Amino acid sequence: MSAAPVLITSRDNPFIKSLRRLAQDSVAYRKQGQVWLEGDHLCRAALERGLKPATAVFSESFWSHPSVDWSSVAIKNIVIPDRLFAEVSGLESPAPMGFLIELPLGHTVQPDVPTVVLDRVQDAGNVGSILRSAGAFGFRQVVALKGTAALWSPKVLRAGMGAHFGLHLIEGADAGALDALNVPLAVTSSHQGEFLHERTPPYPCAWVLGHEGQGVCADVAARAAFSVRIAQPGGEESLNVAAAAAICLHASAAAWASRR
């Protein structure tokens, strides 16, 4: 059954203030325990993974003339004026609807699953892109070490395009947390290690992607079973970390597919 909407018109309403923080502050979700998903694509991705939103928020114009019936998917529906939705939104072109979901963050490293480790990867676009590649190539867990961009920040969510909801995500971990993994740790490097095309990477494994400028820290590198680099005949100094991640994760997935 559809939940009857609650109309909120004041920008000073506590709910609106809380929503504004979630939409515009990259780490507000950690304090509030909720995540704001703005727009049709992220909301659909969450529903497809079986997530039940605590609250759905709609602009007045969208609620009055919806192209899709969203009224029965959330526990609670809230409608706000279009101008207020635009003020709350963190987007240049605000979407007319969004969901609030409970923060689905993991706490324990799963030892035997294909994993991606992010070692202080700081650009939100890179992090979101790596999460998309992880989901696409069968890596089910992402462990973000301290110093990595906030996994559930609005920018990372948008760049991830829904990949978050199919992954076991752990953030704020230290290097010692990697000792719980039972799969080999593979470190990526611009200039050291074997060329990726000259070896068959294991699957499952844990690929480590390092800081955009500094690479993988020594403490993590010391735990690695092997180190690889990607051939770059064009002569550039290094690849963008998200591009490198896609290449490495695909190599593992392709090796797995060839053995089936």
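All of these numbers come straight from a predicted model, not from anything done at the bench.

Novice: Can you explain the pairing of strand β12 (residues 226-229)? Please cite residues and give values.
Specialist: Burial along β12 is one-sided: the residues Phe226 and Val228 are buried and none of Ser227 and Arg229 is. Summarising the sheet, strand β9 (residues 185-188) and β12 pair through 3 bridges and their orientation is parallel. Its bridge partner lying in β12, Ala186 is registered against Phe226. Two strands pair when backbone bridges link them, and strand β10 (residues 194-195) and β12 are joined in this way by 2 bridges, in the parallel orientation. From the neighbouring strand, Phe195 faces β12, where its bridge partner is Arg229.

Novice: Give me the lowdown on the environment of Ala163, citing residues and values where you can.
Specialist: Relative to the helices and strands, Ala163 resides in the loop between α7 (154-160) and β8 (168-173). Judged by its relative accessible area of 16%, Ala163 is buried. Separated by 32 residues in the primary sequence, Ala163 and Leu131 have C-alpha atoms spaced 6.1 Å apart. Residue contacts for Ala163: discarding those within four places in its chain leaves Leu131 and Arg132.

Novice: An account of the packing of helix α6 (residues 124-136) against helix α9 (residues 241-259) is requested, with residue identities and associated values reported.
Specialist: Between α6 and α9, the least distance of the axes is 9 Å, while the angle of their chain directions is 10°. Relative to α9, α6 is oriented roughly parallel. Of α9, the residues touching α6 (which contributes Asn126, Ser129, Ile130, Ser133 and Ala134) are Val241, Ala242, Ala245, Ala246 and Leu249. Of the residues belonging to the contact of α6 with α9, the class tally is 7 nonpolar, 3 polar and no charged.

Novice: Kindly report on the pairing of strand β2 (residues 34-38), identifying the contributing residues and their values.
Specialist: Within β2, 5 of the 5 residues are buried, which leaves it mostly tucked inside the rest of the structure. On β2, burial covers both faces: Gln34, Trp36 and Glu38 on one face and Val35 and Leu37 on the other are all buried. Here 5 bridges tie β2 to strand β5 (residues 97-102), and the two strands are oriented antiparallel to one another. Of the residues in β5, the one forming a bridge with Glu38 is Gly98.

Novice: Explain the sheet that holds β5 residue by residue, including any values.
Specialist: Read from one edge to the other, the open sheet built from 5 strands follows the order β1-β4-β3-β5-β2, with strand pairing classed as mixed. Single-partner strands in this sheet number two, and they are β1 (6-7) and β2. Contacting β2 and β5, helix α3 (residues 40-48) runs over the sheet at an angle of about 40° to β5.

Novice: Give me α6: which residues, what numbers.
Specialist: With 13 residues, α6 extends 19 Å from end C-alpha to end C-alpha; this agrees with the ideal 18 Å at 1.5 Å per step. Of the residues making up α6, those classed as buried are Ala124, Asn126, Val127, Gly128, Ile130, Leu131, Ser133 and Ala134. The inward-facing, buried residues of α6 abut β6 (115-119), β7 (141-145), α7, β8 and α9. Two residues or fewer past α6, Gly138 is found with a positive phi of approximately 85°.

Novice: Hey, could you go over the layout of surface pockets for me, with residue numbers and the actual values?
Specialist: Put simply, the second largest pocket is a space of about 220 Å³. Lining of the second largest pocket is provided by 15 residues; of these, Arg49, Gly135, Gly162, Ala163 and Gly166 occupy positions nearest its centre. Secondary structure elements with two or more residues in the lining of the second largest pocket: α3 and α6. Element by element, the count of residues in the lining of the second largest pocket is highest for α6, at 3 residues. Across the lining of the second largest pocket, the residue classes tally to 6 nonpolar, 5 polar and 4 charged.

Rules and cut-offs
- Residues numbered from 1 in each chain as written.
- Predicted model: local features only at pLDDT ≥ 70, side-chain atom pairs only at ≥ 80, totals over all residues.
- Heavy atoms only, no water.
- Buried < 20%, exposed > 50% of the residue type's maximum accessible area, 1.4 Å probe, protein only.
- Helix = DSSP H or I, 4+ residues; strand = E, 2+ residues; numbered from the N terminus.
- Pairing = 2+ DSSP bridges.
- Contact = heavy atoms within 4.5 Å.
- Axes fitted to C-alpha atoms, helices over the stretch in contact; angles between N-to-C directions.
- Parallel < 35°, antiparallel > 145°, perpendicular 65-115°, else oblique.
- Nonpolar A, V, L, I, M, F, W, Y, C, P; charged D, E, K, R; others polar.
- Expected span 1.5 Å × (residues − 1).
- 1 Å grid on protein atoms, 1.4 Å probe; cavity = no way out; pocket = protein on both sides within 12 Å on 5 of 7 lines; lining within 4 Å.
- Points joined across faces, edges and corners; volume = space filled by probe spheres on them.

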